[in-house]
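Remarks on the overall topology
Take a look at the letters that make up each chain.
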Amino acid sequence: MSEAKPFSIAKQLVWRAYERVKANRGAAGVDGQSLGTFEKDLKGNLYKVWNRMSSGSYIPPPVRLVEIPKGDGKMRPLGIPTVADRIAQMVAKLTLEPMVEPKFHRDSYGYRPGKSALDAVGVARERCWRMDWVIDLDIRDFFGSLDHGLMMKAVKHHTDLKWIHLYVERWLKAPLQLADGTLKERTGGTPQGGVISPVLANLFMHHAFDQWMARTFSDIPFERYADDILIHCVSHAQAVGILEGVRARLKECGLELHPEKTKVVYCKDDNRREDTEPQSFDFLGYTFRPRLIKRKDGKLFVGFVPAMSPKAAKAVREVIRSWDLAKGWNTFSLKAVAKFMNPAIRGWVNYYGRFHRSECLKILRHVNLVLATWAKRRYKRFRGSWSKAYAWLARTAARNESLLALWTLGVKPMAGR
């Protein structure tokens, strides 16, 4: 370490960070530089990142703001850092994450190694069977509301590395570049899309919520995936009391519960006969509500279980519908179309088909309709005849069901439709 390089950051760590960023891909930032362009002078560009970070002179550029539609018709802001900045953030993440990860709560699932959203859904399902009530928490504008002072206090509590303190603070304050090119200063929040943001968000909520719950309501189970939180209770009175405590605690930390989306839910099933509303909530793409279930002995019962949410189903249908409208598909073979569709189908089934798979497969039946539409356009002999197109697809599926991932699950086109 020298005066010129006050911070000890290994060059090998910068290389590892680059490899992780490359694997994650991503769009260009405010400088318009793609990953491919960055790699044209890879050695020189990585040296610049290392040299500036080691010397303390690295200044994060503005973050490009893009907005993507949410399921409720609103827009979700995402911040896209430059490639070089993503690498710099990854250097910090690879250093900070091993320090804080062992201290995080076992029921914190978001953005953590070895944990997933499906793990959280599975644990929530089991706890809903055991406990009658759920508090469904919704934090208003979580990523945009994180208090920078409290965030830095949490970072400094876990590491004394001065370069981590310096750069995290700079990333928190880096301005946003709007679509018209103007810059917007930031006094709070951490942009979704930043490499370092998930670790910072978990660290903030570890102190603001997880540890507070462990101290204040040590016997009350919860699941948290970033800012999506469920708390399980044995009675309505207990749920109302805990909710008011959580509301006050989060307010102390600069966060606000959404007054309309936050709710106490009754987990009604065959053994729970009250008619208290509401009786459903959404969590990580799944809707939990009373459903008719068939037991192994064939008997039916009402269970409070998760299945693919209507919001998720709508998003999937929109993707499938976009396939139907895709230009140029009339020249593709069925094999090529299936090859294009299969990764998305497998992804949907692997996620939304984990619990109560029939709801997911019901939505994916639309794929067969898209394929029939494609067949009518692709082959003259099927034009004007849905029945002929479906009959051909049915024969093809019977001969070669492995061609399409959906067919291997038994969701095949029916002749004579």
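As shown above, the structure is provided for reference.
About the thresholds
Residues numbered from 1 in each chain as written. Predicted model: local features only at pLDDT ≥ 70, side-chain atom pairs only at ≥ 80, totals over all residues. Heavy atoms only, no water. Helix = DSSP H or I, 4+ residues; strand = E, 2+ residues; numbered from the N terminus. Buried < 20%, exposed > 50% of the residue type's maximum accessible area, 1.4 Å probe, protein only. Contact = heavy atoms within 4.5 Å. Salt bridge = Lys/Arg side-chain N within 4 Å of Asp/Glu carboxyl O. Expected span 1.5 Å × (residues − 1). Pairing = 2+ DSSP bridges.

**Side note on the side chain of Thr95**
The residue Thr95 is located in helix H4 (residues 83–100) in this model. When its relative accessible area of 16% is taken as the criterion, Thr95 is described as buried. Thr95 has contacts with Leu13, Leu161, Trp163 and Ile164, leaving out every residue within four places of it along the chain.

**Quick word on the pattern of salt bridges**
One pass over the full model with this rule turns up 14 salt bridges. For Arg224, the salt bridge goes to Asp210, with nearest N and O atoms at 2.8 Å. Here Asp210 lies in helix H9 (residues 197–216) and Arg224 lies in strand E6 (residues 222–225), a separation of 14 residues in the sequence. Comparing Arg224 with Asp210 shows no difference in burial state: the two are buried. Here Arg272 makes a salt bridge to Asp269, at a shortest N to O gap of 3.6 Å. Of the two residues, Arg272 and Asp269, neither departs from the other in class, the shared state being buried. Residues participating in the shared-partner salt-bridge network are Asp107, Arg127 and Glu223.

**Details of helix H5 (residues 117–130)**
An α-helix turns once per 3.6 residues; consequently, residues spaced three or four apart project the same way. Across its 14 residues, H5 extends 20 Å between first and last C-alpha, which sits within 8% of the 20 Å expected from 1.5 Å per residue. Where H5 is concerned, the buried positions are Ala117, Leu118, Ala120, Val121, Gly122, Ala124, Arg127 and Cys128.

**A word on the sheet that holds strand E5 (residues 183–184)**
The sheet built from four strands is open, its strands ordered E2-E1-E4-E5 with mixed pairing. Because the sheet does not close on itself, it has two edges, and the strands there are strand E2 (75–80) and E5. With six bridges joining them, strand E1 (residues 63–69) and E2 adopt antiparallel strand pairing. Pairing of Pro69 across the sheet is with Met75, part of E2.

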